[in-house]
Protein chains: 2
Amino acid sequence: MQTQTTNRTPICHYPHNRAAHAIFGAVELVGVPLSFAKEAEIYGENEPAEYVYKVLTGAVRITRVLQDGRRQIEAFYFPGDVFGLEFGAEHTSSAEAVSSATIALVKRSTLLAAATRDSSLSNQLLTHTARELEQARRHAMLLVKTAQERVASFLIEISKQLVGGSVELPMSRQDIADYLGLTIETVSRTLTQLQKTCTIEFATSRRMILRNKQALISLNS
Amino acid sequence: MQTQTTNRTPICHYPHNRAAHAIFGAVELVGVPLSFAKEAEIYGENEPAEYVYKVLTGAVRITRVLQDGRRQIEAFYFPGDVFGLEFGAEHTSSAEAVSSATIALVKRSTLLAAATRDSSLSNQLLTHTARELEQARRHAMLLVKTAQERVASFLIEISKQLVGGSVELPMSRQDIADYLGLTIETVSRTLTQLQKTCTIEFATSRRMILRNKQALISLNS
DNA sequence: CGGAATCTTGATTACCTTCAAACAGGGTGG
DNA sequence: CCACCCTGTTTGAAGGTAATCAAGATTCCG
């Protein structure tokens, strides 16, 4: 039911991630791709890291929760992206479906074993991890900026991922807030302000049109 | 001169990083270890990433600078730590000596070439990068906390790195502030407050004694 | 149509930054 | 040896930005 609901979201075509594709090309998938309903957990913090995942459709978020319940979203993943590759025995974050999603799996042990035999695969794993590292550091850079700058950076980032004149945001305002280290109110106010300056426009609260990308970039700090 | 000054800092013995050690064991060093004076640049943003570095003595910081001049410190590295391993052609951050430091170098191309032949080395590179990723994500978690929590987390982290009853902080208050995404004044005030509650004590502004580690941990959120 | 969840808006408060000045230590030169 | 300066650190007062608390608007779905 829930899956059907979110399937109404128009399927976007995403620029494919070459390295990610190659990683999954090298070893056989585990069964058929799995479907996850909106908000369903894909794996949890401290669970054994048994699989590596690739988004086929939908969107996924990686989160950590602090002792006091504050939630931090570390990254969003979109079709073509690989996630969940960890090198400790257990996941250090949890993963959930932002919208309903289909996800392909490979066994981590199979992948790592194949990598010891295939130096090109091993190199791809390295490249993938390095790219995640770069992304995490850029995310950290975000978190020391002002609310306006954070929101602007997020919108630029997300509009790169999602092709087209208007952008369907798969995540809620709360998700955006948790990704940017802000409250939902501040995110909402900032978006409203950007609308007033005709930088962006919302057809619905989830469908955004970029009116002045240059203005966003200059806000980006 | 500058080097001599900072050499008076007592040399601490650090828990050695096994993976890092192995990475450097696999290929030959480039010449002799280099000495860097306090504040000297080791490499700059956008410079070609030609070498991989290992701290022998002293401390190093990795920084990025925003357009408006704000500086963000992404990480500190201490003796035994390997840094500067990047997979793009150019460095995405710059590295500087926090205190005077001696640093061993290997050629990146040599290391990566060796990794294609030696799957164990390749695996170590992967482990190293994954560890940096985990560290970057933990750093991002820091940046959404309150000033007290950030400072407490930093002090706990640094006291793990540096063994002994009292901890010699190699970095300035400004460095701490830039690492935590705070101002120098806020860092100073927070440290003063922690002193007043007898959680920590400063013999000098750089030499800290932990009086109540448990209190710090509970502040850590 | 009605109820629930999500999002937006408003008023107030709290925390951190900014601006400014005082303080402390370390080195230099008289 | 002391006066002086330079740098790094601490402290104080005022201001701004985002959080919190609270209510209203909108959208989504049965």
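Attention in this report is confined to the structure presented alongside it.

What counts, and at which threshold
Residues numbered from 1 in each chain as written. Chains lettered and ligands numbered in written order. Predicted model: local features only at pLDDT ≥ 70, side-chain atom pairs only at ≥ 80, totals over all residues. Helix = DSSP H or I, 4+ residues; strand = E, 2+ residues; numbered from the N terminus. Buried ≥ 20, exposed ≤ 12 C-beta atoms within 10 Å, placed from the backbone. Contact = placed C-beta atoms within 7 Å. Nonpolar A, V, L, I, M, F, W, Y, C, P; charged D, E, K, R; others polar. Near = placed C-beta within 6 Å. Core = buried A, V, L, I, M, F, W, Y, C linked by C-beta atoms within 7 Å. Pairing = 2+ DSSP bridges. Axes fitted to C-alpha atoms, helices over the stretch in contact; angles between N-to-C directions. Least-squares fit on C-alpha atoms with pLDDT ≥ 70 in both.

Within chain A, the regular secondary structure consists of 8 helices and 11 strands. A buried classification covers 39% of the 221 residues belonging to chain A. Considering only residue pairs separated by 6 or more positions, chain A has 76% of its internal contacts joining residues 24 or more positions apart.

Moving on, we come to the interface of chain B and chain A. At the junction of the two partners, chain B supplies 28 residues and chain A supplies 29 residues. Contributions of two or more residues to the side of chain B that touches chain A are made by β5 (71-77) and α4 (119-142) of chain B. The element that contributes the greatest number of residues to the side of chain B that touches chain A is α4 of chain B, accounting for 15 residues. Taken together, the residues of the side of chain B that touches chain A break down into 11 nonpolar, 11 polar and 6 charged.

With that settled, consider the protein's contact with DNA strand D. Close to DNA strand D lie 21 residues, the nearest being T146, A147 and T186 of chain A together with S188 and T192 of chain B. Within the residue set of the surface near DNA strand D, elements represented by two or more residues are α7 (184-196) of chain A together with α6 (173-180) and α7 (184-196) of chain B.

The next subject is the nonpolar core. One finds I42, V60 and L180 of chain A together with I42, V60 and L180 of chain B to be the most contacted residues of the largest nonpolar core, which totals 106 residues. Setting aside chain neighbours within four positions, we find I42 of chain A in contact with F36, Y53, V60, A95, E96, A97 and I103 of chain A.

To continue, consider the environment of E90 of chain A. Residue and element names in this part refer to chain A. The residue E90 is located in the loop between β6 (82-83) and β7 (94-97) in this model. Among the residues examined, E90 registers 13 C-beta atoms within 10 Å and is labelled partly exposed. Here the alpha-carbon distance between E90 and D68, two residues 22 residues apart in the chain, equals 22 Å. Look past the residues within four positions of E90 in its chain and what remains in contact with it is N46, E47, P48 and A49.

Glancing now at the protein's contact with DNA strand C. As a structural note, the neighbourhood of DNA strand C is formed by 18 residues, with S172, S188 and T192 of chain A together with A147 and T186 of chain B the closest of them. Looking at the surface near DNA strand C, the elements with two or more residues in it are α6 (173-180) and α7 of chain A together with α7 of chain B. At 6 residues, α7 of chain A tops the list of elements feeding residues into the surface near DNA strand C.

Residue and element names in this part refer to chain B. The 4 strands are arranged β1-β8-β3-β6 in an open sheet whose pairing can be described as antiparallel. Because the sheet does not close on itself, it has two edges, and the strands there are β1 (34-36) and β6 (82-83). Along the sheet, helix α3 (residues 108-117) makes contact with β3 (51-57) and β8 (101-107), crossing β8 at roughly 55°.

All names here are of chain B. Examined against the element boundaries, S159 turns out to sit in helix α5 (residues 147-161). When the 19 C-beta atoms within 10 Å are taken as the criterion, S159 is described as partly exposed. Along the chain, S159 and L169 lie 10 residues apart, while their C-alpha atoms are 9.2 Å from each other.

Attention shifts here to the relation of the copies chain B and chain A. Overlay of chain B on chain A (RMSD 0.0 Å): rotation 180°, translation along the axis 0.0 Å. The superposition operator between the copies reduces to a two-fold rotation axis. Taken together, the interface assignments show that 100% of the residues at the interface of chain B recur at the interface of chain A, consistent with an identical surface on both copies.

Now for the pairing of strand β11 (residues 207-210) of chain B. Residues and elements named next belong to chain B. Pairing of strand β9 (residues 166-168) with β11 involves 3 bridges; the strand directions are antiparallel. Note that in β11 the partner of S166 across the bridge is I209. Following strand β10 (residues 200-202), the chain reverses through 4 residues before pairing antiparallel with β11.

Time to look at the pairing of strand β8 (residues 101-107) of chain A. Residue and element names in this part refer to chain A. Strand direction decides the pairing type here: strand β1 (residues 34-36) and β8, joined by 3 bridges, are antiparallel. The residue of β8 that forms the bridge with F36 is A101. Across 6 bridges, the pairing between strand β3 (residues 51-57) and β8 is antiparallel. Residue V55 lies in a different strand from β8, and its bridge partner there is I103.

Attention shifts here to the sheet that holds strand β2 (residues 41-43) of chain A. All names here are of chain A. Taken together, the 4 strands give an open sheet; going across it, the order is β2-β7-β4-β5, and neighbouring strands pair in antiparallel fashion. Looking at the sheet topology across the chains shown, the edges are occupied by β2 and β5 (71-77). Strand-to-strand twist across the sheet, computed as the mean angle between neighbouring axes with direction ignored, equals 30°. As paired elements, strand β4 (residues 60-65) and β7 share 4 bridges and run antiparallel to each other. If you follow R61 over to β7, its bridge partner there is E96. Against the sheet, α6 engages β4 and β5, with an angle of about 105° to β5.

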